[in-house]
Amino acid sequence: MPLTCRGRVRGQEPSRGDVDDALGKFSLTLIDSLDTLVVLNKTKEFEDAVRKVLRDVNLDNDVVVSVFETNIRVLGGLLGGHSLAIMLKEKGEYMQWYNDELLQMAKQLGYKLLPAFNTTSGLPYPRINLKFGIRKPEARTGTETDTCTACAGTLILEFAALSRFTGATIFEEYARKALDFLWEKRQRSSNLVGVTINIHTGDWVRKDSGVGAGIDSYYEYLLKAYVLLGDDSFLERFNTHYDAIMRYISQPPLLLDVHIHKPMLNARTWMDALLAFFPGLQVLKGDIRPAIETHEMLYQVIKKHNFLPEAFTTDFRVHWAQHPLRPEFAESTYFLYKATGDPYYLEVGKTLIENLNKYARVPCGFAAMKDVRTGSHEDRMDSFFLAEMFKYLYLLFADKEDIIFDIEDYIFTTEAHLLPLWLSTTNQSMSKKNTTSEYTELDDSNFDWTCPNTQILFPNDPLYAQSIREPLKNVVDKSCPRGIIRVREESFRSGAKPPLRARDFMATNPEHLEILKKMGVSLIHLKDGRVQLVQHAIQAASSIDAEDGLRFMQEMIELSSQQQKEQQLPPRAVQIVSHPFFGRVVLTAGPAQFGLDLSKHKETRGFVASSKPYNGCSELTNPEAVMGKIALIQRGQCMFAEKARNIQNAGAIGGIVIDDNEGSSSDTAPLFQMAGDGKDTDDIKIPMLFLFSKEGSIILDAIREYEEVEVLLSDKAKDRDPEMENEEQPSSENDSQNQSAEQMTSISQEVDLIDQESLEESSLNSHPESLSPADTDNAASVSPSEQNSNPAENHETTSLDGECTDLDNQLQEQSETEEDSSPNVSWGKKVQPIDSILADWNEDIEAFEMMEKDEL
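These numbers come from a predicted model, not from an experiment.

### Notes on the overall build of the chain
Of the regular secondary structure elements, the chain holds 28 helices and 29 strands. Taken over 856 residues, the chain has a buried fraction of 57%. Long-range pairs, those at least 24 residues apart, make up 72% of the contacts in the chain between residues at least 6 apart in sequence. A total of about 36,600 Å² of accessible surface is found on the chain, and carbon and sulfur atoms cover 49% of it.

If you want it as structure tokens, here you go:
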């Protein structure tokens, strides 16, 4: 407790809730910082600290502790201390008296944690009594039903190390069983895991998924378990999850939570500080580019607030203002410097140290920030600050000769404790392959950049990292909302604390609701999920509060007005008009905020051609192929506007961006409009549309089958082209064939009319929900369709009320009914019976209507 200059003892201080579950009256900070002393070359102090632990620490206390926190901090601290104690003993100068005492304490603690695993699933209870275990009356625990994924999945390193050090295999077996169960319970279609799981049934309780709080170290331990233990199954699991993370959660430079069952939909509009570890894990994986992007975004947030807020929104405003001196960003900074050698990361580390000394240093340590906006302190210095922050910052600046052992011989646990890599060949009692279900088939490239590898992690270019960071250097400032009334802001800066601002308001924050009440503002929840605000000045606590309430309402009105101006554009249409489609296939497309506006100008018609490179992020190497055509380009790697400029320079008359997330579809994901790159985009004159993967594959498949494919880009589907259709009809050899063709064409026209009406109805219903003034900051208080902003590609989302055409089925059936341009083709072989076609279409229409009802 750095403000009151004393230690925090469980039970002697007012309870802080779950935070206190890390405290077990076992000298937490002392144990957690043992190996830090050796890293800092404080070997004499380390020897004294080990003696204190052996002399004073008691693990048999009647205290309920967190299994997760006790494992990573205390068990990990004892094992890290033991690892470096035996290293020092071998060197012959220090710790000559040491005889595995820390290891014996670790083994004692390990046995105390084992009763937590007494569940049918093998997932541990979240808490345990150090003295009485689980479910005894005196234990005061064992009734919990849920645990977080990270809590159950962050045990394998410490427990396996304990087994390898001692030869007692039971610890590794229990930790493996818990990991196996989590793997089996992953959502099979998305390969993601939820945040919270029932330890008895295995049902997901919280079904949102991300890489931050509640899940973070589960992914970390899968990869590190492979590095430490050499078991390929852990690597295969990690790569399967990583592929899903990069497909759904990663929206560079953001990492946004999604629903495990609907991974194309964001689950919330803010990020928590714990995800700052992920760039470091990506470095270990070898995926440098997204690591640099996310790290740079986080650094921009830190430069704005001095520290990383506990949570911040997608437009980089403070969501939760606390900062308990978390080390995850420093960890990623260290690993990025190791991977790139870029001195920029030394400057980042220097900024971290300067901010710590300037804003957090107090006479008895470093105090956590209660609010990064005001700089207020909290009487708290968690043990991870000394265990991790000191270690990573020292290692960032240390030369090889500054460290008395080879750091490359060890792996860091999630608490930055050091475990020796030689454990992989020691006391192996398990089969090398876990008996789990088969793994998802992934592209081989997903395994190319994983330790151990002999490839260069990044191009041999000192400016490589800088070239990735450069577009993001102003991402935070550019994303801040503009146009908000700033009355009296200067006076607030001069000392008086400002009242609640409209841009900061959260309808679920009790403190905010109390402030509203004081200002005479009442909050009404509407049936449609929106929030309405009403002010009665007479109900305010004082005339000054009433004035503040009036100002708050004025800000809300302006904010609401601004949001209405930024409403989404309606969806556009890509219509395949060439043979054999003749305009019957209409694909729902997302618009762009730049280029030719199809709602104000005539549609664009032309043949399509794939650009090379396919991502369109550099000058095209096949300009002759796209000249005068509509270019197909893949999403990703650069801004949408950059793609547009490159294909426009090559002579394309339009562009279609196809999503790189395989399987994505406008049926299941909200459509979004492509935004510019923050610069002037008036130079882009061609129309640009966006197709999800499923819709884009229809065009790509058509090209493979028919080579020449012509499409129409428009604001809504146009009537089919009868002239072209008649032109392409085959000359029939007898009347019966003519009659069959006419009947099929007639039926096809009828169904097409239904589809056209459905599509137009969908377009009419696709307007975004308008936000009430109070919907500005919190996902719980917005209307049903959430907005999402991605600075890297700056796309915005809008929910469509229903998409009424099953495009795959439509394409297949129309190919079969219309593929008739060659006189050598037999009608009997190509055409289904009329009754069969009608039955199929009726089935499809019923299915579409049911889907639409489900969506509503």
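### Examining the side chain of threonine 313
Position of threonine 313 among the secondary structure elements: in strand β11 (residues 311-313). Residue classification places threonine 313 among the buried positions, given a relative accessible area of 4%. Within the structure, the side chain of threonine 313 is placed 2.4 Å from the side chain of aspartate 315, a separation counted as a polar contact.

### Some words on the sheet that holds strand β4 (residues 196-198)
Sheets are built from strands paired through backbone hydrogen bonds, the pairs being either parallel or antiparallel. The 3 strands lie next to each other as β3-β4-β5, forming an open sheet whose pairing is antiparallel. Taken across any chain shown, the strands that pair with only one partner, and hence form the sheet edges, are β3 (146-148) and β5 (204-206). Strand-to-strand twist in this sheet, taken as the mean axis angle between neighbours without regard to direction, amounts to 35°. Pairing of β4 with β5, which is carried by 2 bridges, proceeds in the antiparallel orientation. Residue pairing across strands places threonine 196 opposite arginine 206, the latter belonging to β5.

### Concerning the packing of aromatic side chains
Summed over all chains, the structure comprises 27 aromatic pairs. Plain terms: the ring middles of phenylalanine 238 and tyrosine 242 are 5.6 Å apart, the flat faces sit at 25° to each other, and that makes the pair stacked. Residue phenylalanine 238 and its partner tyrosine 242 are both found in helix α10 (residues 232-249); the two are separated by 4 residues, about one turn of the helix. Side by side, phenylalanine 238 and tyrosine 242 carry an identical accessibility label, which is buried. Feature note: the residues Tyr111, Phe117, Phe159, Phe171 and Tyr174 constitute an aromatic cluster, connected by ring pairs. Between arginine 268 and the ring centre of tryptophan 270, over which it is positioned, the NZ or CZ distance is 3.8 Å. For the cation-ring pair, arginine 469 lies above tyrosine 345, with the distance from its terminal atom to the ring centre recorded as 5.3 Å.

### As for the sheet that holds strand β24 (residues 630-634)
Spatially, the 7 strands line up as an open sheet ordered β22-β21-β28-β23-β24-β25-β27, and their pairing is mixed. At either end of the open sheet lies a strand with only one pairing partner, and these are β22 (585-589) and β27 (688-691). For this sheet, the mean angle separating the axes of adjacent strands, direction not counted, is 35°. In this structure, strand β23 (residues 604-610) lies alongside strand β28 (residues 710-714), joined through 4 bridges in antiparallel fashion. The residue bridging glycine 606 from the neighbouring strand is valine 711, located in β28. Here helix α22 (residues 640-649) sits on the sheet in contact with β24, β25 (654-658) and β27, set at roughly 145° to β24. Here helix α23 (residues 693-706) sits on the sheet and contacts β21 (572-576), β22, β23, β24, β25, β27 and β28; the angle it forms with β22, its principal contact strand, is near 140°.

### Details of the state of the cysteines
For the structure shown, the criterion picks out 3 disulfides. The disulfide partner of cysteine 148 is cysteine 151, and the gap between their sulfur atoms is 2.1 Å. Residues cysteine 148 and cysteine 151 are joined by a disulfide whose S-S torsion is about 90°; by sign, that bridge is right-handed. Disulfide partners in the chain, listed by the sequence order of the bonded cysteines, are 1-4, 2-3, 5-6.

### Overview of the pairing of β27
Of the two faces of β27, the one holding Met688 and Phe690 and the one holding Leu689 and Leu691 are both buried throughout. Sheet analysis places β25 next to β27, joined by 4 bridges and oriented parallel. Within β27, the position partnered with valine 657 by the bridge is phenylalanine 690.

### What to know about the pattern of salt bridges
Taken as a whole and assessed by the stated rule, the structure comprises 38 salt bridges. Where lysine 44 meets aspartate 48, a salt bridge forms, and the shortest distance between an N and an O atom there is 3.2 Å. With lysine 44 and aspartate 48 both in helix α3 (residues 43-56), this residue pair falls 4 residues apart, about one helical turn. Judged by its relative accessible area of 34%, aspartate 48 is partly exposed. Here arginine 373 ties to aspartate 371 by a salt bridge, and the two come within 3.1 Å at their closest N and O atoms. Judged by relative accessible area, which is 15%, aspartate 371 ranks as buried.

### Some remarks on α3
Here α3 spans 20 Å end to end across 14 residues, near enough to the 20 Å set by a 1.5 Å rise per residue. Every buried residue belonging to α3 is among Thr43, Phe46, Glu47, Ala49, Val50 and Val53, and all of these are buried. Looking down the long axis of α3, one finds its buried residues gathered within 165° of arc, a one-sided arrangement.

### Overview of the pairing of β22
Put simply, side chains in a regular strand alternate between the two faces of the sheet. Of all 5 residues in β22, 5 are buried; the element is thus mostly enclosed. As judged from the 5 bridges shared by β21 and β22, these two strands associate in the antiparallel manner. Residue pairing in the sheet places alanine 573 in a bridge with threonine 588 of β22.

### Side note on the confidence of the model for the chain
Within the chain, residue pLDDT values average 80, and 74% of them lie at 70 or more. Below a pLDDT of 50 lies the segment residues 451-456, which in the model reaches 7 contacts outside its immediate sequence neighbourhood of four places, other chains included. When the criterion is pLDDT under 50, residues 480-496 qualifies, and its contacts beyond four places in sequence or with other chains add up to 30 contacts.

### Comments concerning unusual backbone geometry
With omega at 5°, the peptide bond leading from proline 252 into proline 253 counts as cis. Relative to the helices and strands, proline 253 resides in the loop between β7 (250-251) and β8 (254-255). Positive phi values are uncommon outside glycine, yet aspartate 100 reaches one of about 65°. By the secondary structure assignment, aspartate 100 is in the loop between α4 (67-91) and α5 (101-113). Of note, glutamine 637 is a non-glycine position whose phi angle comes to about 80°, a positive value. Inspection of the secondary structure puts glutamine 637 in the loop between β24 and α22.

### Points about the side chain of aspartate 545
Relative to the elements of secondary structure, aspartate 545 occurs in helix α20 (residues 543-565). At 4.3 Å, lysine 518 is the nearest oppositely charged side chain to aspartate 545, a buried residue that forms no salt bridge. Reaching out from aspartate 545, the side chain makes a polar contact with the side chain of serine 542 at a distance of 3.0 Å. With residues near it in sequence (within four places) discarded, aspartate 545 still touches Lys518, Met519 and Ala540.

About the criteria used
Residues numbered from 1 in each chain as written. Predicted model: local features only at pLDDT ≥ 70, side-chain atom pairs only at ≥ 80, totals over all residues. Heavy atoms only, no water. Helix = DSSP H or I, 4+ residues; strand = E, 2+ residues; numbered from the N terminus. Buried < 20%, exposed > 50% of the residue type's maximum accessible area, 1.4 Å probe, protein only. Contact = heavy atoms within 4.5 Å. Areas by Shrake-Rupley, 256 points an atom, 1.4 Å probe, with all protein chains shown as cover. Polar contact = N/O pair within 3.5 Å; in protein donor to acceptor, adjacent residues only side chain to side chain. Pairing = 2+ DSSP bridges. Axes fitted to C-alpha atoms, helices over the stretch in contact; angles between N-to-C directions. Phe/Tyr/Trp six-rings, centres within 6.5 Å; stacked < 30°, edge-to-face > 60°. Lys NZ or Arg CZ within 6 Å of the ring centre and 35° of its normal. Disulfide = S-S within 2.5 Å. Salt bridge = Lys/Arg side-chain N within 4 Å of Asp/Glu carboxyl O. Expected span 1.5 Å × (residues − 1). Arc of directions from axis to C-beta. pLDDT = per-residue confidence, 0-100. Lys, Arg positive; Asp, Glu negative; His and termini not counted.

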